[in-house]
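# Survey of secondary and tertiary structure
Here's the letter readout for the chains.
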Amino acid sequence: MQLVVARIGRAHGIKGEVTVEVRTDEPELRLGPGAVLATDPSSVGPLTITAGRVHSGRLLLRFEGVADRTAAEALRNTLLIAEVDPEEVPEDPEEFYDHQLIDLDVVTRDGTEVGRIAEVSHLPYQDLLVVRRPDGGEVLIPFVSEIVPEIDLEEQRAVIDPPPGLLDDSQAEVASSREDS
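Reference entry: report on the structure contained in this document.

Rules used throughout
Residues numbered from 1 in each chain as written. Predicted model: local features only at pLDDT ≥ 70, side-chain atom pairs only at ≥ 80, totals over all residues. Heavy atoms only, no water. Core = buried A, V, L, I, M, F, W, Y, C linked by side-chain atoms within 4.5 Å. Buried < 20%, exposed > 50% of the residue type's maximum accessible area, 1.4 Å probe, protein only. Helix = DSSP H or I, 4+ residues; strand = E, 2+ residues; numbered from the N terminus. Contact = heavy atoms within 4.5 Å. Pairing = 2+ DSSP bridges. Axes fitted to C-alpha atoms, helices over the stretch in contact; angles between N-to-C directions. Salt bridge = Lys/Arg side-chain N within 4 Å of Asp/Glu carboxyl O.

## Remarks on the nonpolar core
If you look at the biggest cluster of nonpolar residues, it comprises 22 residues, and the most contacted ones within it are I8, L31, L61, F63 and L80. Elements that contribute at least two residues to this core include exactly β1 (2-12), β2 (17-22), β4 (47-55), β5 (58-63) and β6 (79-83). Tallying contributions element by element places β1 first for this core, with five residues. Apart from the residues within four sequence positions on either side, F63 is in contact with I8, V18, L47, T48, I49, T50, L75 and L80.

Structure representation (structure tokens):
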């Protein structure tokens, strides 16, 4: 099974380094020197990591055959893809791979059916579960423990405890209101 583990950003310096947007909870395992990664677009790869370091809070990587800024800049926006055994699970029991979450049934604590996870959207500050509703609509569920307290892979379901208004706009609570002057 293939998993996207990073997206290449802009070139850094003149010696072929690039910044990367990490999309894995295990960068030391997936993005270490010697790792050979497939790419999207596939015409760019595969790429072999020769070195990596953290600079000002960003991961910088260098690849075999990429020796200057021009070559590094040509890789911008390329997705890095690792081959992963589908039976492999993250070490932390509170972490999940996207493929483990896709197609899980989503129910509220009281058992009300909400829908099924269609995708996991990775945003800079938190992940969102994109849930397809039975009526064809979709709802975005912040993937945080307060709202998604339970993932049961054996039962193939995610239990949510949605705040008012997350699933039904008519139940939304207004925190404050402005009076017209």
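## Remarks on the pairing of strand β8 (residues 113-122)
Examined bridge by bridge, strand β7 (residues 105-108) and β8 share three bridges and lie antiparallel to one another. Each bridged residue has a counterpart across the sheet, and for V107 the counterpart in β8 is E113. Turn length for the β7-β8 hairpin, with the two strands adjacent in sequence and antiparallel, is four residues, and the turn residue G111 shows positive phi of about 90°. Sheet analysis places β8 next to strand β9 (residues 127-132), joined by six bridges and oriented antiparallel. When the bridges of β9 are listed, I117 appears paired with V131. What sits between β8 and β9 in their antiparallel hairpin is a turn of four residues.

## Side note on the sheet that holds β2
As summarised here, the arrangement of the six strands in space is β1-β2-β5-β4-β3-β6, forming a closed barrel in which the pairing is antiparallel. Averaged over all neighbouring strand pairs, the angle between strand axes comes to 50°, with direction disregarded. Summarising the sheet, β2 and β5 pair through three bridges and their orientation is antiparallel. In the sheet register, V20 faces β5, and the bridge partner there is L59.

## Quick word on the pairing of β6
Along β6, four of the five residues are buried, which leaves the element largely enclosed by surrounding structure. Examined bridge by bridge, β1 and β6 share five bridges and lie antiparallel to one another. Its bridge partner being in β6, R7 is matched across the sheet by L79.

## Some remarks on the sheet that holds β9
Picture the strands of a sheet paired through backbone hydrogen bonds; they go either parallel or antiparallel. With respect to topology, six strands assemble into an open sheet ordered β10-β9-β8-β7-β12-β11, the strand pairing being mixed. Since the sheet does not close on itself, it has two edges, and those belong to β10 (138-142) and β11 (150-152), each with one partner. Taken over all neighbouring pairs, the strand axes of this sheet differ in orientation by 35° on average, direction set aside.

## Section: the pattern of salt bridges
A complete count under the given rule lists eight salt bridges for this structure. Here R76 and E73 are joined by a salt bridge, their closest N and O atoms 2.9 Å apart. Residue class for R76 comes out partly exposed when judged on its relative accessible area of 41%. Since its relative accessible area comes to 28%, E73 is described here as partly exposed. Across the pair D105 and R116 runs a salt bridge, and its minimum N-O distance is 2.8 Å.

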